[in-house]
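Listed below are the residues making up each chain.
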There are 2 protein chains.
Amino acid sequence: MNAKLEQYARLAVRVGVNIREGQNLVISCPVECAYFARMCATEAYAAGCREVIVNWSDDYLSREKFLKASDDVFDHIPSWQKALLTENAKQGSAFLHIGASDPEKFRGVDPDRLRRNSLAAAELSEYRELSMSNYFPWCIVSVPIPSWARKVFPGLDDEAAMAALWDRIFDAVRICDGGDAVEQWQNHIATLKQRQDKLNALHIKQLHYKNSLGTDLTVELPEGHQWLGGSEVDHTGVEFVANMPTEEVFTAPKKTGVNGVAVASMPLVYNGNIIEDFSLTFEDGRIVAVSAAKGEEFLRAATSMDDGAAFLGEVALVPYDSAIRRAGVLFYNTLFDENASCHFAFGSAYPACVKGGSEMDKEQLAQSGLNSSITHVDFMIGTSDLSITALCEDGSRVPIFADGMFAM
Amino acid sequence: MNAKLEQYARLAVRVGVNIREGQNLVISCPVECAYFARMCATEAYAAGCREVIVNWSDDYLSREKFLKASDDVFDHIPSWQKALLTENAKQGSAFLHIGASDPEKFRGVDPDRLRRNSLAAAELSEYRELSMSNYFPWCIVSVPIPSWARKVFPGLDDEAAMAALWDRIFDAVRICDGGDAVEQWQNHIATLKQRQDKLNALHIKQLHYKNSLGTDLTVELPEGHQWLGGSEVDHTGVEFVANMPTEEVFTAPKKTGVNGVAVASMPLVYNGNIIEDFSLTFEDGRIVAVSAAKGEEFLRAATSMDDGAAFLGEVALVPYDSAIRRAGVLFYNTLFDENASCHFAFGSAYPACVKGGSEMDKEQLAQSGLNSSITHVDFMIGTSDLSITALCEDGSRVPIFADGMFAM
């Protein structure tokens, strides 16, 4: 176990954020996972990191705050938090996010408090924009905690559930006994790059999604769009991997070019609540109707956070036989579940999804057709019978997905 | 155990910082003691606290940083830390410090890095001055962690050492099964107030300390000095208890009125290192010689941090039979050890130790005879044969201590 944990810390630091000599590393981490933050810190210092700064969190205290704090605290981000994130972002520090949360940590919390707190994140726009445009390297990894493991494996006791979730996570991030995860990742990234190259060569104008669950959606892609995935580069040209695991290739849709219905194929954990059995209807890009069997109020709040929240910002392709899907569990954690399924995100697009986008200002990005928002929420729509057909610039129609799998 | 912990959290929040409706509470806490921070937060919200903010720390990460980070990180305090402390201080937030540290956490660390890091704390002077002048309520309590418990009880295994240290701490803070710690503290504070009243009525000009360990020291007290102890009041007049436990009555010496030798009667934990068997020689207030059998370099660094570090800032009286002394252990933690023994502090004086001092500016405090510094380090000099004789304004000589105990 300890050898695997060390491989994981090494992977997060050396491949994930790919820390450079003299660079700061900001680790955001729940206090319960301090042991893993410590391993990552030791690995980072060994790689020449200037200073490790930890931005700690705690589910219990967050929940207490949302339930019991004064009502006015949810409309602002404390200036010290803004300073921590923004100053490090502007310096090009690396950001490692260690995710570990009870999927329903905010069940029963006043939805208006959650909504206003998400809106207040607008005060972090400078940090957020630098992150979205890959100015600095960032990486999200996950570590089990009992409340989460119990949700994934409801039939097991805490210890067995934790062990089972660790197994699934190690598999998902390509860590095995005696293996070399770093080498595994280099091969994996090369595979994803081949997929992107094929997709980019098609010069797609529009994608048509269809499956038996009810999804029937056309998604236009902007001129100059680029399929990305696996690794990205920060503003200094250093390669990093933003998500571990990652199985997707993705790009941005044309903001106003989405029409039809997208039906979710998996639950969505949003703001510490679960949204289930939901669908979104689009007209000229805008979400004009939402429905959900559970958590509809959270879905409504999420898609009306600001004007951009009602438009798509990401289109991602993941084959139905991905390693994450084969794990055979629902993770109740978007980092994993989105890598088991084709997905979209509503909210902001990643600027790098159009050529030269990382250097564009807001207006130029909008002119390129990209959506912007203070939010970015992935939701899963892939099924075993999903078909995706591309209409290309040369007028040809090319099957991209058939029966849930790449057809190219 | 849990009932005692709840009493402890209640005591820290209701008596220690005495949280008010609508007030923020800043808890500084090691990540290992998150369970206790959570209990304090719940208690604070029940008392109407506006928001609980936790300033987390971690011995392991601090040590890694001092050993491995780039050399330039020790000369500055990150601006986000300054913002967190200073903004809350200026708002009059309550500050609860949960102390739990390996006494030798920085053994082997480059002393110059520790020294420069302490000097950098000058950037927190606004927070520090508001704290020293009791602008906001603050309280220090302690919680065991294994590395500390092992040092106190080297013969016991971790579990037994932790249990033994908890027992000693609960005794020290007057928590017992089925008791009412809040009521106990009200009685205790009343006893300390009676001592102060007696001392204040004497109008002492000078104290003469003498014992068989070699201490032979005269300490002048400034005109208008006040003996304090037990509880204090913040700028809004709300009572709080800055240390739990607290057994002392204290005041400030006249900066330039200290002459002779003070010999330490207990080891001193300073900056994660232990200083043992040491003495300080004073001439007209200034420390002109230091010697220590162990850790002399840390003592030299501490007393030369700035000019004020070489002068006394606190004179505190604790009888040799205090509850903490009777616990019969050396805690390797100043919060406890200083309450087992008469002590001094070199460095800054508390402004409230002269009448009207909390409203004085730096210059007025200096004119009153009070020392100022970026540091304040308590060290213990009490023994079973310590005598302290007061020379009063009216020329009379009054024995204050005889054989280590109050003689008034």
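So, a few notes on the structure that sits alongside this text. Values in this document were obtained by computation on a predicted structure and should not be read as measured data.

Next up on the list: the overall build of chain A. If you tally the helices and strands in chain A, you get 13 helices and 20 strands. A compact globule built from 408 residues would reach a C-alpha radius of gyration of about 22 Å, and chain A, at 20 Å, matches this within 12%. On the principal axes, the C-alpha backbone points of chain A span a range of 55 × 50 × 45 Å. Restricting to contacts in chain A with at least 6 residues of sequence separation, those with at least 24 account for 76%. By element, 47% of the accessible surface of chain A is carried by carbon and sulfur atoms, the whole surface being about 15,500 Å².

Moving on: unusual backbone geometry. Going from Met244(A) to Pro245(A), the amide bond is cis rather than trans, its omega being 5 degrees. A positive phi angle, close to 65 degrees, is found at Arg174(B), a residue other than glycine. As for its position among the elements, Arg174(B) is in the loop between α8 (158-172) and α9 (181-202). Unlike most non-glycine residues, His203(B) shows phi in positive territory, near 50 degrees. Of note, His203(B) is situated in the loop between α9 and β5 (204-210). Judged by its relative accessible area of 43%, His203(B) is partly exposed.

It is worth spelling out the pairing of strand β1 (residues 25-30) of chain B at this point. Two faces make up the sheet, and in a regular strand the side chains alternate between them. Residues and elements named next belong to chain B. Across the 6 residues that make up β1, a large majority, 6, are buried. Burial along β1 is two-sided: the face carrying Leu25, Ile27 and Cys29 and the face carrying Val26, Ser28 and Pro30 are both buried. Examined bridge by bridge, β1 and strand β2 (residues 52-57) share 6 bridges and lie parallel to one another. Bridge pairing in β2 links Pro30 to Ser57. Assessed by its sense of winding, the connection that carries the chain from β1 through helix α2 (residues 34-46) to β2 is right-handed. Sheet topology places β1 next to strand β3 (residues 94-99); 4 bridges connect them, and they run parallel.

Going through the model one piece at a time under the given rule, you end up with 50 salt bridges over all chains. With a closest N to O distance of 3.1 Å, Glu104(A) and Lys151(A) form a salt bridge. Taken together, the residues span a long stretch of sequence, with Glu104(A) in the loop between β3 (94-99) and α5 (111-120) and Lys151(A) in helix α7 (residues 146-152) at a distance of 47 residues. Glu104(A) sits in the buried class, given a relative accessible area of 12%. The class of Lys151(A) is partly exposed, set by a relative accessible area of 26%. Salt-bridge contacts for Asp59(B) lead to Lys105(B); the nearest nitrogen and oxygen are separated by 3.5 Å.

What follows concerns the sheet that holds strand β10 (residues 249-251) of chain B. Two orientations exist for strands paired in a sheet by backbone hydrogen bonds: parallel and antiparallel. Residue and element names in this part refer to chain B. One open sheet accounts for 5 strands, arranged β7-β10-β15-β16-β17; its pairing is antiparallel. Of all the strands in the sheet, the pair left with one neighbour each is β7 (228-229) and β17 (376-380). As defined by bridge partners, β10 adjoins strand β15 (residues 312-317) across 3 bridges and the pair is classed as antiparallel. In the strand pairing of β15, Val249 is matched with Leu317.

All names here are of chain B. One can find Val354 in the loop between β16 (343-347) and α13 (362-367). Between the alpha carbons of Val354 and Ala252 there is a distance of 7.7 Å; along the sequence they are 102 residues apart. Other than its neighbours up to four places away in sequence, Val354 contacts Pro222, Glu223, Gly224, His225, Gln226, Met360, Ser368 and Leu370.

Further remarks concern the nonpolar core. Generally speaking, soluble globular proteins have nonpolar side chains that are buried together. By size, the foremost hydrophobic cluster in this structure holds 233 residues, and its most contacted members are Tyr209(A) and Tyr209(B). In contact with Tyr209(B), not counting residues within four places along its chain, are Thr215(B), Asp216(B), Leu217(B), Val219(B), Val315(B), Leu317(B), Phe344(B), Ile381(B), Leu386(B), Ser387(B) and Ile388(B). Ile77(A), Val26(B), Ala83(B) and Leu85(B) belong to the second-largest nonpolar core, a separate cluster that totals 58 residues.

Time to look at the packing of aromatic side chains. All told, the structure shown has 37 aromatic pairs over all chains when counted by the stated rule. Here Trp80(A) and Trp80(B) contribute two aromatic rings whose centre-to-centre distance is 6.1 Å and whose plane-to-plane angle is 35 degrees, an arrangement assigned as tilted. Here the residue Trp80(A) occupies a position in helix α4 (residues 79-90), and Trp80(B) occupies one in helix α4 (residues 79-91), the pair thus bridging two chains. An aromatic cluster is defined as three or more aromatic residues linked by ring pairs; in this entry it consists of Tyr209(A), Phe278(A), Phe344(A), Phe346(A) and Phe379(A). Above the plane of the ring of Phe311(A) lies Lys255(A), whose end atom (NZ or CZ) is 4.6 Å from the centre.

Conventions adopted
- Residues numbered from 1 in each chain as written.
- Chains lettered and ligands numbered in written order.
- Predicted model: local features only at pLDDT ≥ 70, side-chain atom pairs only at ≥ 80, totals over all residues.
- Heavy atoms only, no water.
- Helix = DSSP H or I, 4+ residues; strand = E, 2+ residues; numbered from the N terminus.
- Rg over C-alpha atoms; globule rule 2.2 N^0.38 Å.
- Contact = heavy atoms within 4.5 Å.
- Areas by Shrake-Rupley, 256 points an atom, 1.4 Å probe, with all protein chains shown as cover.
- Buried < 20%, exposed > 50% of the residue type's maximum accessible area, 1.4 Å probe, protein only.
- Pairing = 2+ DSSP bridges.
- Right-handed = clockwise from strand over helix to strand, strands pointing away.
- Salt bridge = Lys/Arg side-chain N within 4 Å of Asp/Glu carboxyl O.
- Core = buried A, V, L, I, M, F, W, Y, C linked by side-chain atoms within 4.5 Å.
- Phe/Tyr/Trp six-rings, centres within 6.5 Å; stacked < 30°, edge-to-face > 60°.
- Lys NZ or Arg CZ within 6 Å of the ring centre and 35° of its normal.

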